[in-house]
Amino acid sequence: GRAHPSPRHPSRTLRPARGAGRSGRERETHTADGGPDCVITQGKPQKVSFSRRTTFQTARARLANIADLAAPFQMSRPTIRDYVTLLERVFLVDVLPPWHTNRLSRLVKSPKLHIGDTGTACALLGLDADALLKDRAVLGQLVETFVFQELRRQASWRDDDLRFHHFRDRDGYEVDIVLEFGAGQIAGVEVKASATVTTADFRGLRQLRDSAGKGFAAGVVLYDGETSVGFGEGFWAIPIRALWEGL
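Quick caveat, the model's predicted, so the values are computed rather than measured.

Trainee: Give me the environment of Cys122: which residues, what numbers.
Mentor: Relative to the helices and strands, Cys122 is located in helix 4 (residues 118-125). When the C-alpha atoms of Cys122 and Leu132 are compared, they prove to be 8.2 Å apart, with 10 residues separating the residues in sequence.

Trainee: Got a sec to walk through a nonpolar patch on the surface? Specific residues and values, please.
Mentor: A grouping of Met75, Tyr83, Leu86, Val90 and Leu92 is seen on the molecular surface, where their side chains present a nonpolar patch of about 390 Å² in accessible area. Mapped onto the secondary structure, Leu92 falls in the loop between helix 3 (77-89) and strand 7 (93-96).

Trainee: Go over the packing of aromatic side chains, please, and point to the residues and values.
Mentor: Inspection of the entire model under this criterion finds 6 aromatic pairs. Between Trp99 and Phe167, the aromatic rings sit 6.2 Å apart at their centres with planes inclined by 50 degrees, giving tilted as the arrangement. In this pair, Trp99 sits in the loop between strand 7 and strand 8 (112-115) while Phe167 sits in strand 9 (residues 162-168), placing the two residues 68 residues apart along the sequence. For Phe167, a relative accessible area of 1% translates into the label buried. On the numbers, 6.1 Å between centres and 75 degrees between planes, the contact of Phe146 with Trp244 is edge-to-face. Separated by 98 residues along the polypeptide, Phe146 in helix 6 (residues 136-155) and Trp244 in helix 8 (residues 242-245) bring together distant segments of the chain. Here Phe146 and Trp244 have matching classes, each one buried. One aromatic cluster is present, built from ring pairs that chain together Phe202, Phe216, Phe231 and Phe235. The ring of Tyr173 carries Arg203 above its face, with NZ or CZ at 4.0 Å from the centroid. One residue, Arg206, lies across the ring of Phe235, its end atom 5.3 Å from the ring centre.

Reading guide: rules and limits
Residues numbered from 1 in each chain as written. Predicted model: local features only at pLDDT ≥ 70, side-chain atom pairs only at ≥ 80, totals over all residues. Heavy atoms only, no water. Helix = DSSP H or I, 4+ residues; strand = E, 2+ residues; numbered from the N terminus. Patch = residues over 30% accessible without salt bridge, like charges linked within 9 Å, V, L, I, M, F, W, Y side chains within 5 Å. Areas by Shrake-Rupley, 256 points an atom, 1.4 Å probe, with all protein chains shown as cover. Salt bridge = Lys/Arg side-chain N within 4 Å of Asp/Glu carboxyl O. Phe/Tyr/Trp six-rings, centres within 6.5 Å; stacked < 30°, edge-to-face > 60°. Buried < 20%, exposed > 50% of the residue type's maximum accessible area, 1.4 Å probe, protein only. Lys NZ or Arg CZ within 6 Å of the ring centre and 35° of its normal.

Put into structure tokens, the structure is as follows:
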């Protein structure tokens, strides 16, 4: 399939899974939310498996809502949770737990789901490079997943324990990725598929700082730009490409 370029880095690609295309005798029907409902093969409908539909629904980074996942299937919520666990164990889906503290009751405690591979996500969503660049909302979600997976890969090289979370409160403040290390120290990472950064992009990071108190170490907006810029004490805008270029 055609490669999907990652922001500002032509040598890295978000590549569709091999064999993602369908023959002329095979097509999909879809439910109202755009997810695959069944595949029509040689005129005969074949119901889409739970695993395929769930990986479609998690192709874009999203909060895990078991009720939403269960809606198309006649299954109990515990069974749905078991399936999500299975998808996690075979590396199709990654579950990102929420960061929270007992001091605060307004934090959302739902995990976030990321698909394990952004190329697979593009294939499930039916997006080639041109379509992806035209849909900025989906591009932003896929870049978030791409950065999350890159950070996890690099964290595996470290000797110390680095734990991954996300942050969201009931007022709508959120941070895409929260890194926890040492004795409760945390750093926030917000991902933006844009070449510009403003003070408003640090809104969620500042809320995270206020929630974490003395445990807050730093807040970073990773963006599709060229220059590292400070935004006050402990806050930085840094190009996404710094993850692999070591700027």
